[in-house]
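What the coordinates show
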Amino acid sequence: MSTAQQQPRQARATATLSSVDIRDAGAANSVFGGDTSVMVARPGKICCAFPLFWFTIPEGFYALVTRHGAHQDYVDSKGKKSPVWPSGLHLGPPWLKVSHLVTKQAILFNTQIKGCKTKDNV
């Protein structure tokens, strides 16, 4: 079935929102696609024998990046700063890390209202 013929997925409501630790940013699509309550993922950095001078941010996510644990702004070609990094391949020192991935897809949050104050306290 081609993408033009696919039916849109029905959004499922959830009563809880969660965040999870994932192995790396590449695992984000399967984690977010399988669990509708996940709103934020914290990817780890792949450890290997040599440091990596690149990292990727998958399409469909807002990404926050840190340098030694402190938030690092993204600077575009025009010099404009943004705390959210765009998707794609990014080059940088090994201490730059994707700290959080937040899904761009809509999440239906369904919970009971126990009390709701109105302007006139009714």
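This is a predicted model, so every value here is computed, not measured. (Residues numbered from 1 in each chain as written. Predicted model: local features only at pLDDT ≥ 70, side-chain atom pairs only at ≥ 80, totals over all residues. Heavy atoms only, no water.)

1. So, the overall build of the chain
For the chain, the helix and strand inventory stands at 1 helix and 11 strands. Each helix and strand of the chain, ordered N terminal to C terminal, gives the series β-β-α-β-β-β-β-β-β-β-β-β. Residues classed as buried in the chain amount to 23% of the 122 residues present. Counting contacts in the chain only where the partners sit at least 6 residues apart, residues at least 24 apart contribute 64% of the total. (Helix = DSSP H or I, 4+ residues; strand = E, 2+ residues; numbered from the N terminus. Buried < 20%, exposed > 50% of the residue type's maximum accessible area, 1.4 Å probe, protein only. Contact = heavy atoms within 4.5 Å.)

2. Some remarks on the nonpolar core
Grouped together as the largest cluster of nonpolar side chains are 13 residues, with contacts concentrated most on Phe-55, Ile-57, Ala-63, Val-65, Trp-85, Val-98 and Leu-101. For this core, the secondary-structure elements that each account for two or more residues are strand S4 (54-57), strand S5 (61-67) and strand S10 (96-103). Look past the residues within four positions of Phe-55 in its chain and what remains in contact with it is Val-65, Trp-85, Gly-88, Leu-89, His-90, Leu-96 and Val-98. (Core = buried A, V, L, I, M, F, W, Y, C linked by side-chain atoms within 4.5 Å.)

3. Quick word on unusual backbone geometry
Positioned with a positive phi, His-68 is a non-glycine residue whose angle comes to about 55 degrees. When you line up the elements, His-68 lands in the loop between S5 and strand S6 (70-72). Classification of His-68 as exposed rests on a relative accessible area of 64%.

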